[in-house]
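Structural overview for review
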Amino acid sequence: MFLFAVTAVVLCFLKLSFNWIVVVIALILFFRIITIKDRSFFCAWVVFVLFSLYMVSMWQKKIDAQSIESKILISQQHCEIYPDQWQIDGDLLKFPATWIEGKQIVQFSYKFKSKNEKNLFLENKKTAIFLFSGEIKQPDSFTNENQFDYRQFLRSKNIANTVYISDLKEVENYQNNLRKSSLLSFIHNIRKYLIDYFGKIQQPLSGYCQLLLIGYYDSDFNGQIDIINKLGLLYLFSLSGMHVFYIIIAIRWLFTKLHVSDEICSFVLLLVLPLYLIIGGSSASLVRAVMMSWLIIANQSIFKTKLSGITAESCVLITNLYLCPGIIFSMGAQLSYLLTFILLINKEKGPVYLGLKLTIYSIPIVLWNTYEWNWLTAFLSIGIIPFFEWLIIPAVIIGSTIPILTFFCNKILVGFTAIFNFLSSLPFTWNYGKPPLFFVVFWSILFLLLERKKGRYKLFLYILISFILCAIIIRYPLNEQVIYFDIGQGDSTLIVEKFNKKITLIDTGGKISFNNEEWRKRESKTTGETIIANYLLSKGISEIDNLFLTHQDTDHVGNFPTFSKKIKIDNLFVPDGMEKLASFVIRLNNSAVKKENVHPISTVKVKRIGLFKILHPFGQGNGENKDSITVTFKLSGVSFIISGDLDQAGEKEVIKKNKLLKADILKTGHHGSKTSTAKEYVEQLKPKFAIISAGRNNRYGHPNVETLETLNGYHVPYVNTAEVGMIKILPTGNHEVKVETLLKGNGVIK
């Protein structure tokens, strides 16, 4: 008890979150159980955990000290850009680089001013010094539940700030230009050459070469990565350091044929491996594989003793925690270190046993990060590692180094890709949802306890029961809720009935593009995929009953096609007449929704759809703002109203035809624009609370001062997604609700 008390005090002193304290105490308790007779090992493990947490704490303080909360203008600064680091998407350039004056690595972004400027960058093959001006600040964090945390992602790479460049130009004669000829710059230039070289090879060999050999993700290969991820075999790439084994074998074979001594060969490997670490992209899995191999070779060469794999992995992990503690937040690092450990302690087992074990241990981490599991994973894992190790990796290495065999190796990978494409198309993917952290830790502990021979049947029973219990908790919520996504300058509202009986989405958001030139178009994922669909999947929801598209504007329907490919839509409702518009037909054809599932509605055609009463439109229109669908509904006695971008004239017509209409929660029309939220509308509805969905620093000035004055004049409190992020309304009965906002806490409205 004394040890646990001391541990808890230390954790609190480090100012770690309650979740961290729970995880550490649970793990210490676990190791206390399995090492009851080996107190020295247990104490050593506790010291290691506390050391790791101390390093994470110090790292967080260092990153926080470097972070710049408010935007600061900087000008005439210099950065060194490696040619293999930048990513170009349409007119957007992104790259991590050293800010020379600031003496730190920063994530830069720059919008090309012309096609010629973009082409000049594409043609650049060497490290260069650039002069820039722009704004620097820490990256934005997530504003929706379970949204990708870009800030944490950059911090895991020791990057605290981002710079939005307004002006960028290469410096011809700069006093630090000698850095161009440095060894590090030379290696990055080689990596750029290899990226371009592999890029000229036919797909899919090109993508596999870039990914496995130099750790480069090409946008043309993203589809194949998604397929492998869908099959639950992402750990193959987390263990992709296997090709380091082949590099070592190849070098030793070559030196043997040249009659070079083993000592010289080991010396060369000790030099080559760190260089390859940079060329290979320095991913977490590659760092682990290279450093483990380097330690084993160095120990054997210098001390003439054999270093065990587990000892080498432990040393590498401690070193990485010292240099970059943020790696513990990376899914790739988690899988790489955990599954390598499992391989090492089970190296004498057969492929069937080993494949099943790797599958089991990867489940908690995969579910925590992707929310899905494929039932084929267990079967594929039995034979995939030997197949991957003895066929795929050799095909990649041989195909990229021996041109005469490139065509043959590519055919092997074409067949491999075709098999995986077919398997991923089978309906074996189960959307489980995101389990609470407690369950992730609990499962990991139980899996480790399976290494003991005693009580295995009980452990399997505990695992099965906990998986079922967790699935029920995720997929059958006890509370009804209405969720207003922070979708930027757009609208998207989710209505979830108790136990997920019915799921309804009103609008999908979308980004208005003012760039029509082909070279400016970007291929990045939409917020419909990264925010809305991601949230639904994290809650175990892969299908919705109803989708209302209030009108044709892109900021309400632009995400619809991509969203529909992630989440199945049973019924799609649009304002009467909108289904005939060419813009909507194009979106519908690009979506996964069938034409027969589209239902044009108006108050003339339908009065009610489930719990939703249709208030507008009154007849056929063109899907414009004035034709917006307006609905009202009740959850646990609390009434809501949502009206898209309906203008004030339309609002007045709605209350004129519905004289008894009231609403406890008002979703202000048109993002708080002065064209909506008429005084008469608010006066009759008598809302107790209002929601505004608007983008940060939007060009339209939403929400408008007149709208805010109207709400204040009728004493209606309000929140804006631009200020508080995602807003969740939980009806508690008797016209009362609990309001939860992601960024600024919770409250109760009576």
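Above this text is the structure in question.
Now for a look at the structure at hand. Model, not experiment: these values are computed from the prediction. Along every chain, residues carry numbers that run from 1 in the direction the sequence is written. Whole-chain, interface and lining totals are the exception, using all residues; otherwise, since this is a predicted model, local features are given only for residues with pLDDT of at least 70 and side-chain atom pairs are given and counted only at 80 or more. Calculated side-chain values reflect all of the structure's heavy atoms, with hydrogen atoms and water omitted.

1. Some details on the overall build of the chain
- Secondary structure elements follow DSSP: runs of H or I of four or more residues count as helices, runs of E of two or more count as strands, with numbering from the N terminus. Helix and strand counts for the chain stand at 27 helices and 24 strands.
- Residue burial in the chain is summarised as follows: out of 750 residues, 51% are buried.
- In the chain, of all internal contacts separated by at least 6 residues, the share reaching a separation of at least 24 is 68%.
- Each accessible area is a Shrake-Rupley result for a 1.4 Å probe, and residues are judged covered by the shown protein chains and nothing else. Summing over all exposed atoms, the chain offers an accessible surface of approximately 36,000 Å²; the carbon and sulfur share of this is 61%. Throughout, exposure labels follow a simple rule: accessible area from a 1.4 Å probe, protein chains only, divided by the maximum for the residue type, with under 20% read as buried, over 50% as exposed, and the rest as partly exposed. By definition in these notes, contact holds between two residues if any of their heavy atoms fall within 4.5 Å.

2. Describing the packing of helix 18 (residues 437-449) against helix 19 (residues 456-475)
- Note on method: axes are straight lines fitted to C-alpha atoms, helices fitted across the in-contact stretch only, with angles between N-to-C directions ranging 0 to 180 degrees. Closest axis-to-axis distance for the helix 18/helix 19 pair is 10 Å, and the angle between their directions is 165°. Taken together, the axes of helix 18 and helix 19 lie roughly antiparallel to each other. Along this stretch, helix 18 crosses helix 19, giving a crossing that reads as left-handed. For the pair formed by helix 18 and helix 19, the contact residues are Phe439, Phe442, Trp443, Leu446, Phe447 and Leu449 on the first element and Leu459, Tyr462, Ile463, Ser466, Phe467, Leu469, Cys470 and Ile473 on the second. Roughly parallel refers to an angle under 35 degrees, roughly antiparallel to one over 145, roughly perpendicular to one between 65 and 115, and oblique to any angle outside these ranges. Note on convention: the crossing is left-handed when the near helix lies turned anticlockwise from the far helix by less than a right angle, right-handed when the turn is clockwise.

3. Focus: unusual backbone geometry
- In this structure, Pro204 follows Gln203 across a cis peptide bond, with omega equal to 5°.
- By the element assignment, Pro204 lies in the loop between helix 6 (183-199) and helix 7 (205-214).
- Going from His616 to Pro617, the amide bond is cis rather than trans, its omega being 5°.
- Tracing the sequence through the fold places Pro617 in the loop between strand 16 (612-616) and strand 17 (630-635).
- Positive phi, close to 65°, is recorded for Asn146, a residue that is not glycine.
- In this fold, Asn146 is placed in the loop between strand 5 (128-137) and helix 5 (150-155).
- Asn146 sits in the buried class, given a relative accessible area of 17%.

4. Quick look at the environment of Leu494
- Of note, Leu494 is situated in strand 10 (residues 493-496).
- Judged by its relative accessible area of 0%, Leu494 falls in the buried class.
- Other than its neighbours up to four places away in sequence, Leu494 contacts Gln481, Val482, Ile483, Phe485, Ile503, Thr504, Leu505, Tyr535 and Leu536.

5. Observations regarding the pairing of strand 14 (residues 598-601)
- Bridge count between strand 13 (residues 568-575) and strand 14: 4 bridges; the pairing is parallel. By the bridge assignment for strand 14, Leu572 is matched with Val598.
- Of the crossover connections in this fold, the one passing from strand 13 over helix 23 (residues 582-589) to the parallel strand 14 is right-handed. Here, any two strands with at least 2 DSSP bridges between them count as paired. If you view a crossover with the strands going away from you and the path from the first strand over the helix to the second runs clockwise, you call it right-handed.

6. A few points about the packing of aromatic side chains
- Aromatic pairs are defined between Phe, Tyr and Trp rings, using the six-membered ring for Trp, whenever the two ring centres lie within 6.5 Å; interplanar angles under 30 degrees are classed as stacked, those over 60 as edge-to-face, and all others as tilted. One pass over the full model with this rule turns up 27 aromatic pairs.
- Summarising the aromatic geometry, the rings of Trp430 and Tyr432 are spaced 5.0 Å apart at their centres and angled 90° between planes, so their arrangement reads as edge-to-face.
- Plain terms: the ring middles of Phe439 and Trp443 are 5.7 Å apart, the flat faces sit at 45° to each other, and that makes the pair tilted. Placement of the pair is Phe439 and Trp443 together in helix 18, with a separation of 4 residues, close to one helical turn.
- Three or more aromatic residues joined by ring pairs make a cluster, and in this case those are Trp375, Trp430, Tyr432, Phe438, Phe439, Phe442, Trp443 and Phe467.
- Here the basic side chain of Lys434 rests over the ring of Trp368, its NZ or CZ set 4.3 Å away from the ring centre.
- Lysine and arginine charges are scored as sitting over a ring when NZ or CZ, respectively, is within 6 Å of the ring centre and within 35 degrees of the ring normal. Sitting over the ring of Phe618, Lys657 keeps its end group 3.9 Å from the ring centre.

7. Some thoughts on the sheet that holds strand 21 (residues 718-720)
- Strand order across the open sheet formed by 7 strands is 15-16-17-18-19-20-21, with mixed pairing between neighbours. Both edges of this open sheet fall to strand 15 (608-609) and strand 21, since each of them pairs with a single strand only.
- Here strand 19 (residues 665-667) runs beside strand 20 (residues 689-692); their pairing, made up of 3 bridges, is parallel. When the sheet's bridge partners are listed, Ile665 is paired in strand 20 with Phe689.

8. Considerations on the pairing of strand 5
- The buried count for strand 5 comes to 9 of 10 residues, which makes it a mostly enclosed element.
- Examined bridge by bridge, strand 1 (residues 72-81) and strand 5 share 8 bridges and lie antiparallel to one another. When the sheet's bridge partners are listed, Ile81 is paired in strand 5 with Ala128.
- For strand 5 and strand 6 (residues 162-170), the ladder comprises 8 bridges, and the chain directions are antiparallel. Considered in strand 6, the bridge of Phe132 is made with Leu168.

9. Here we look at the nonpolar core
- To define a nonpolar core, start from buried Ala, Val, Leu, Ile, Met, Phe, Trp, Tyr and Cys residues and group those joined through side-chain atoms within 4.5 Å. Counting residues in each nonpolar core, the largest one holds 72 residues, and the members touching the most others are Leu231, Val244, Val396, Phe420, Tyr432, Trp443 and Phe467.
- Residue contributions to this core peak at 8 residues, all from helix 16 (residues 377-401).
- Discounting chain neighbours no more than four positions away, the residues touching Tyr432 are Leu367, Tyr371, Glu372, Trp443, Phe467, Cys470, Ala471, Ile474, Arg475 and Gly540.
- Judged by nonpolar contacts, the second largest core, of 32 residues, contains Phe485, Val496, Ile569 and Val593.

10. A word on the side chain of Ser466
- Relative to the elements of secondary structure, Ser466 occurs in helix 19.
- Assessed through its relative accessible area of 6%, Ser466 is described here as buried.
- Contacts described as polar in this section are N or O atom pairs within 3.5 Å, which, within protein, must combine one atom able to donate a hydrogen with one able to accept it, while residues neighboring in sequence count only if both atoms come from side chains. At 2.8 Å, the side chain of Ser466 and the side chain of Trp443 are in polar contact.
- If sequence neighbours within four positions are ignored, Ser466 has contacts with Phe439, Phe442 and Trp443.

11. Observations regarding the pattern of salt bridges
- Take a side-chain nitrogen of Lys or Arg and a carboxyl oxygen of Asp or Glu: if they are within 4 Å of each other, that pair is a salt bridge. Tallied over the full model, the rule gives 18 salt bridges.
- Residues Arg520 and Asp91 are paired through a salt bridge, measuring 3.3 Å at the closest nitrogen-oxygen approach. With a gap of 429 residues between them, Arg520 in the loop between strand 11 (503-506) and helix 20 (527-538) and Asp91 in the loop between strand 2 (87-89) and strand 3 (92-99) connect regions that are remote in the sequence. Asp91 matches Arg520 in its accessibility class, with the two residues each being buried.
- As a salt-bridge pair, Lys605 and Asp576 come within 3.2 Å of each other at their nearest N and O atoms. Here Lys605 is found in the loop between strand 14 and strand 15, whereas its partner Asp576 is found in the loop between strand 13 and helix 23, with 29 residues between them in sequence.
- Given the relative accessible area of 6%, Asp576 is considered buried.
- Taken together, the shared-partner salt bridges in this structure form one network comprising Asp91, Arg520 and Arg522.

12. Structural notes on the environment of Thr406
- Considering the arrangement of structural elements, one finds Thr406 in helix 17 (residues 406-425).
- For Thr406 and Leu205, which are 201 residues apart along the polypeptide, the C-alpha to C-alpha distance reads 8.3 Å.
- Non-local contacts of Thr406, meaning those with residues more than four positions away in its chain, are made with Ile201, Leu205 and Gly399.

13. Some remarks on a positive patch on the surface
- Each patch is built from residues lacking any salt bridge and having more than 30% relative accessible area; the joining distance is 9 Å for like charges and 5 Å for nonpolar side chains (Val, Leu, Ile, Met, Phe, Trp, Tyr). Positive charges come from Lys and Arg, negative ones from Asp and Glu, while His and the chain ends are left out of the count. Lysine's charge is taken at NZ, arginine's at CZ, aspartate's at CG and glutamate's at CD. Where like charges cluster on the molecular surface, the positive patch consists of Lys607, Arg608, Lys613, Lys656, Lys657 and Lys659.
- Considering the arrangement of structural elements, one finds Lys613 in strand 16.
- Looking at Lys613, the relative accessible area reads 33%, which means it is partly exposed.

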